[in-house]
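Now for the letters of each chain:
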Amino acid sequence: VKEVYRSVGWKDATKESGLNISGDFVGRSEFVGEPASDEIRKKYIKKSVKHYFVRGNSNPINYINLQ
């Protein structure tokens, strides 16, 4: 884990938002967040989350709801 964020919301993704995505933006969303509290960050930064990823999944990002 490189960083941990607290969710503030989601919005429609656009090229103007600076996302480096090619192709169609229709139906895509952009995460809006801010760094989590120091307590939460210390708990997860530099820890392994390997067990959350399924073998063969090519997506380098995985969203986990820890609530």
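Residues numbered from 1 in each chain as written. Predicted model: local features only at pLDDT ≥ 70, side-chain atom pairs only at ≥ 80, totals over all residues. Heavy atoms only, no water.

1. Concerning the overall build of the chain
Link 1 in the chain: Helix and strand content of the chain: one helix and two strands.
Link 2 in the chain: The secondary structure elements of the chain, listed N-terminal to C-terminal, are β-β-α.
Link 3 in the chain: Counting all 67 residues of the chain, 9% fall into the buried class.
Link 4 in the chain: For the chain, the proportion of contacts with a sequence separation of at least 24, taken over those separated by at least 6, is 49%.
Link 5 in the chain: Looking at the chain as shown, the accessible area adds up to about 6,200 Å², and 50% of this sits on carbon and sulfur atoms. (Helix = DSSP H or I, 4+ residues; strand = E, 2+ residues; numbered from the N terminus. Buried < 20%, exposed > 50% of the residue type's maximum accessible area, 1.4 Å probe, protein only. Contact = heavy atoms within 4.5 Å. Areas by Shrake-Rupley, 256 points an atom, 1.4 Å probe, with all protein chains shown as cover.)

2. Description of the environment of Tyr-52
Link 1 in the chain: Position of Tyr-52 among the secondary structure elements: in the segment after helix 1 (38-44).
Link 2 in the chain: Taking the relative accessible area as the measure of exposure, Tyr-52 reaches 36% and is therefore partly exposed.
Link 3 in the chain: Here the alpha-carbon distance between Tyr-52 and Ile-64, two residues 12 residues apart in the chain, equals 8.4 Å.

3. Quick word on unusual backbone geometry
Link 1 in the chain: We note that Lys-46 has phi near 70°; this positive angle belongs to a residue other than glycine.
Link 2 in the chain: On the accessibility criterion, Lys-46 (79% relative accessible area) is exposed.

4. A few points about the pattern of salt bridges
Link 1 in the chain: Evaluated as defined, the whole model comprises three salt bridges.
Link 2 in the chain: For the salt bridge of Arg-41 with Glu-3, the shortest nitrogen-to-oxygen distance reads 2.7 Å. With Arg-41 in helix 1 and Glu-3 in the segment before strand 1 (5-12), this pair connects stretches of sequence that are 38 residues apart.
Link 3 in the chain: A residue is classified by how much of its surface remains accessible, and Arg-41, at 23% relative accessible area, is partly exposed.
Link 4 in the chain: Of the charged contacts in the structure, one is a salt bridge between Arg-41 and Asp-38, with a shortest N-O distance of 3.7 Å. (Salt bridge = Lys/Arg side-chain N within 4 Å of Asp/Glu carboxyl O.)

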